[in-house]
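Okay, here's what each chain looks like letter by letter:
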Number of protein chains: 2
Amino acid sequence: MSEHATPSAPAAPPDLSESRFLRACRRQPVDAMPVWLMRQAGRYMSEYRALRERYGILDIIKAPELAREVTLQPLDAFDLDAAILFSDILLPLEVMGYDLAFVKGDGPVIGNPTRTLADVVRLKQPDLARDLGFTFEAIRLIREATDRRGIPLIGFAGAPFTLASYAVEGGGSKNRVLVKSLMWGQPETWHALMSQLADVTGHYLLMQAQAGAHALQVFDSWVGELSPDDYRRFVMPYTAQAIAIARGAGVPIIHFGTGTSSLLELMRDAGGDVIGVDWRTPLDVARQRLGDGVATQGNLDPVALFAPWESVRDQTRRILDSVRGQAGHIFNLGHGILPQTPVETVRRLVEFVHDDTRV
Amino acid sequence: MSEHATPSAPAAPPDLSESRFLRACRRQPVDAMPVWLMRQAGRYMSEYRALRERYGILDIIKAPELAREVTLQPLDAFDLDAAILFSDILLPLEVMGYDLAFVKGDGPVIGNPTRTLADVVRLKQPDLARDLGFTFEAIRLIREATDRRGIPLIGFAGAPFTLASYAVEGGGSKNRVLVKSLMWGQPETWHALMSQLADVTGHYLLMQAQAGAHALQVFDSWVGELSPDDYRRFVMPYTAQAIAIARGAGVPIIHFGTGTSSLLELMRDAGGDVIGVDWRTPLDVARQRLGDGVATQGNLDPVALFAPWESVRDQTRRILDSVRGQAGHIFNLGHGILPQTPVETVRRLVEFVHDDTRV
């Protein structure tokens with residue numbers, strides 16, 4: 001036994017509510033624009049690739065210590081203003097009874113996709129606290145480290161449509177024939193599936209906040225494949241349901257999609273304190289359309305990071321210029337960072353966003 | 001020798017300028033809305049699949065009699081208001097020196113993609129009349145048949161960006177890292193490539209009209225991957241150049257893309273008498289933004305045709321309702337018809353558009 005043996009009362013967690021990231025979520029002025037990157041823990045980092053040589057992606061996600069290690073890797077490398085839990089949007093599908101695997105080169109594959117009402121009826125009602133306990137434990141572990149650094153932590157989940165897209169197609173899909181056909185052709189099945197996904201997503205988000213996440217991001221990555229009319233009729237009520245449940249936690253919610261130029265106002269109306277904008281919509285146009293009630297996040301093309309630094313810098317500066325002097329924007333890419341992205345460009349990008357917006 | 005031996009003077013081709021399709025291109029009232037479908041000659045038709053068992057796609061394209069046969073197949077099956085030449089946008093790349101092959105399952109593959117200025121300098125200046133003579137001969141052959149039916153014929157080409165995307169990536173691509181990197185990182189190479197593609201596309205379109213095409217469609221299928229800023233700086237001048245050359249023929253030009261919710265006004269300004277709109281943008285919104293100077297074409301989701309007829313009908317009617325009583329719209333899908341599309345739904349769709357809009 002050493003002189004450290006006497007247990008001290010656990011220190012109260014630091015109050016990060018005045019951090020750049022959380023202030024920007026509330027549309028309050030900041031000393032420099034906050035920046036984080038979707039998939040900031042990922043294959044572009046050699047530290048991540050090294051760990052992936054020893055562990056599968058699901059192994060890392062389900063082992064809180066490994067999830068913490070990966071979550072922290074980009075914080076060690078770059079001056080980021082938020083951490084995001086290392087996980088995958090498809091984990092809740094697994095605990096609902098879907099056979100989930102990550103197949104090298106093919107991405108996620110679901111062996112028993114939903115095609116009928118009977119398939120939906122057969123889904124399990126998960127006990128999230130138990131079945132996804134590793135997520136909440138990872139959040140608690142990560143918080144110890146991020147609290148020390150004064151960095152807020154983001155939890156996340158897939159939105160009902162994007163989850164349904166995988167659950168019905170059985171994996172990725174080019175045209176989403178199966179999920180749209182089910183949506184248009186089997187309204188009862190669609191309603192049953194989407195209701196259940198909304199409930200699971202909402203509570204999963206809520207419980208991540210209760211476990212310690214300072215903010216929550218809803219990923220509706222593939223919603224841009226829908227017309228506004230279909231979004232309004234078949235998707236928006238369920239996304240709204242999920243976000244309404246998650247709102248119970250009282251933390252900011254980021255609502256993200258790609259290809260959403262025609263959907264931004266509807267996504268805002270479905271819910272969220274921050275609306276994700278991809279590079280296809282100019283940021284100033286998006287902010288004008290969305291109005292003063294929400295913050296924004298985005299919107300550099302992830303492919304831009306493959307260009308020479310001068311081009312990255314000019315493209316970034318045009319985004320920063322379009323919101324200069326305005327509160328309520330979080331710098332990010334318009335979609336997840338790509339595996340081959342040069343690390344040095346990421347480092348310079350984060351530094352440039354801070355330097356160019358410091359007041 | 002028979003009584004037909006005495007050659008009669010060739011009959012003057014019928015004047016189709018008052019056809020529904022060409023009147024709609026000019027925003028003039030019509031007796032019923034014209035309809036045709038992108039890729040209307042294709043794998044969803046058993047007649048086409050039967051021919052493809054005997055011939056490769058390039059074999060058909062390069063044999064004018066076969067190209068005619070395939071072009072006419074959908075006209076025999078459905079009451080369509082326009083024919084479109086059976087060909088592929090990548091043929092001009094082949095005669096510029098790219099090694100083009102269609103690999104089963106993988107789509108088009110280019111064996112010697114462009115990555116440097118030296119690669120561009122090495123490209124051939126094609127003699128279009130000679131190298132793509134089969135296209136012009138096919139148009140002349142098809143015209144004999146379509147003239148008899150009173151159906152106008154559309155010629156087409158790929159827009160410079162969409163061609164560059166294949167030429168640089170070497171085939172299809174998910175994120176278009178290579179083509180965008182070249183665009184941002186090698187301005188001189190980009191300019192040299194795009195100038196040459198614009199020139200070839202423009203003249204290829206012009207010569208198709210001179211050979212007998214009544215209208216021309218410019219396919220910029222992948223342009224929706226670009227931000228408006230990048231479109232304006234790196235793409236628009238070259239598309240405008242191609243369309244300006246093609247305009248010399250004096251026939252209507254349809255300017256098409258997908259995912260273009262943020263690009264519609266810029267595409268209109270680049271040129272075209274008709275602007276293609278995909279399902280992501282509501283048609284009434286698109287027409288209001290585009291103004292009275294251009295007609296529109298679209299915009300049913302191709303996946304909608306996999307739904308039960310009642311859903312197809314309702315979705316189609318909502319599109320028709322949004323332009324009811326207005327001139328200058330051509331009904332089409334928002335992108336090419338998909339291989340597994342039920343033929344009976346196509347037949348009912350074409351019939352419904354006519355019946356529901358007949359004045």
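See the structure printed just above.
Scoring rules and cut-offs
Residues numbered from 1 in each chain as written. Chains lettered and ligands numbered in written order. Predicted model: local features only at pLDDT ≥ 70, side-chain atom pairs only at ≥ 80, totals over all residues. Helix = DSSP H or I, 4+ residues; strand = E, 2+ residues; numbered from the N terminus. Rg over C-alpha atoms; globule rule 2.2 N^0.38 Å. Buried ≥ 20, exposed ≤ 12 C-beta atoms within 10 Å, placed from the backbone. Contact = placed C-beta atoms within 7 Å. Least-squares fit on C-alpha atoms with pLDDT ≥ 70 in both. Pairing = 2+ DSSP bridges. Axes fitted to C-alpha atoms, helices over the stretch in contact; angles between N-to-C directions. Nonpolar A, V, L, I, M, F, W, Y, C, P; charged D, E, K, R; others polar. Core = buried A, V, L, I, M, F, W, Y, C linked by C-beta atoms within 7 Å. Parallel < 35°, antiparallel > 145°, perpendicular 65-115°, else oblique. Left-handed = near helix turned anticlockwise from the far one by under 90°. Expected span 1.5 Å × (residues − 1). Right-handed = clockwise from strand over helix to strand, strands pointing away.

### What to know about the overall build of chain A
Next, step 1: Assigned secondary structure in chain A consists of 16 helices and 9 strands.
Next, step 2: Relative to the 2.2 N^0.38 estimate, which gives 21 Å for 359 residues, the radius of gyration of chain A is 20 Å and therefore close to what a compact globule would have.
Next, step 3: Out of the 359 residues belonging to chain A, those deemed buried represent 53%.
Next, step 4: Put simply, of all contacts in chain A between residues at least 6 apart along the chain, 73% involve residues at least 24 apart.

### Structural notes on the relation of the copies chain A and chain B
Next, step 1: Of the transformation superimposing chain A on chain B, the axial component is 0.0 Å and the angular component is 180°, with the fit at an RMSD of 0.0 Å. The operation mapping one copy onto its partner corresponds to a two-fold rotation axis. Across chain A, the smallest distance between a C-alpha and the rotation axis is recorded for S261(A), namely 2.9 Å.
Next, step 2: Looking at chain A, 100% of its interface residues are interface residues in chain B too, so the copies touch through the same face.

### Remarks on the sheet that holds strand β5 (residues 215-220) of chain A
Residue and element names in this part refer to chain A.
Next, step 1: Ordered by their spatial adjacency, 7 strands build an open sheet running β1-β4-β5-β6-β7-β8-β9, and the pairing between neighbours is parallel. If you trace the sheet from one side to the other, it starts and ends with β1 (83-84) and β9 (329-333), each paired once.
Next, step 2: Pairing of strand β8 (residues 295-300) with β9 involves 5 bridges; the strand directions are parallel. Within the sheet, the bridge partner assigned to N299 lies in β9 and is N332.
Next, step 3: The sheet strands contacting helix α8 (residues 133-149) are β1 and β4 (153-158), and the helix crosses β4 at an angle near 150°.

### Side note on the interface of chain A and chain B
Next, step 1: In this complex, chain A contributes 27 residues to the contact, which on the side of chain B involves 27 residues.
Next, step 2: Counting only elements with at least two residues in the side of chain A that touches chain B, the list comes to α10 (177-185), α12 (228-247) and α15 (309-322) of chain A.
Next, step 3: Counting residues per element, the side of chain A that touches chain B draws most heavily on α10(A), at 5 residues.
Next, step 4: Of the residues contributing to the side of chain A that touches chain B, the split by class is 11 nonpolar, 10 polar and 6 charged.

### Regarding the nonpolar core
Next, step 1: L216(A) and L216(B) are the most contacted members of the largest nonpolar core, which totals 230 residues.
Next, step 2: Each residue touching L216(A), except ones within four places of it in the same chain, is listed here: I154(A), G155(A), F156(A), L205(A), Q208(A), A209(A), A246(A), V251(A) and I253(A).

### Observations regarding the sheet that holds strand β1 (residues 83-84) of chain B
Pairing between sheet strands relies on hydrogen bonds along the backbone, with the strands arranged either parallel or antiparallel.
Next, step 1: Spatial ordering of the open sheet is given by β1-β4-β5-β6-β7-β8-β9 (chain B), a layout of 7 strands whose pairing is parallel. The sheet is open, and its two edges are formed by β1 and β9 (329-333) of chain B, each paired on a single side.

### What about the packing of helix α11 (residues 187-211) of chain B against helix α12 (residues 228-246) of chain B?
Residue and element names in this part refer to chain B.
Next, step 1: Running from amino to carboxyl end, α11 crosses α12 at an angle of 25°, the nearest separation of the two axes being 7 Å. Considering the angle they form, α11 stands roughly parallel to α12. Our pair here, α11 against α12, has a crossing hand that is right-handed. Contacts between α11 and α12 involve W190, M194, S195, L197, A198, T201, G202, H203, L205 and L206 on the former and, on the latter, F234, Y238, Q241, A242, A244, I245 and A246.
Next, step 2: Here the contact of α11 with α12 is composed, by residue class, of 12 nonpolar, 5 polar and no charged.

### A word on helix α11 (residues 187-211) of chain A
Residue and element names in this part refer to chain A.
Next, step 1: End to end, α11 covers 35 Å across 25 residues, agreeing with the expected 36 Å (1.5 Å per residue, within 8%).
Next, step 2: Judged by how many residues are buried, α11 sits mostly within the fold: 18 of 25 residues are covered.
Next, step 3: Immediately beyond the C-terminal end of α11, within one or two residues, lies G212, with a positive phi of roughly 135°.

### Focus: the pairing of β9(A)
Residues and elements named next belong to chain A.
Next, step 1: Counting buried positions over the 5 residues of β9 gives 5, a clear majority of the element.
Next, step 2: Residues H329, F331 and L333 line one face of β9 and the alternating positions I330 and N332 line the opposite face, and both faces are buried.
Next, step 3: The β-α-β motif built from β8, the intervening α15 and the parallel element β9 has right-handed crossover chirality.

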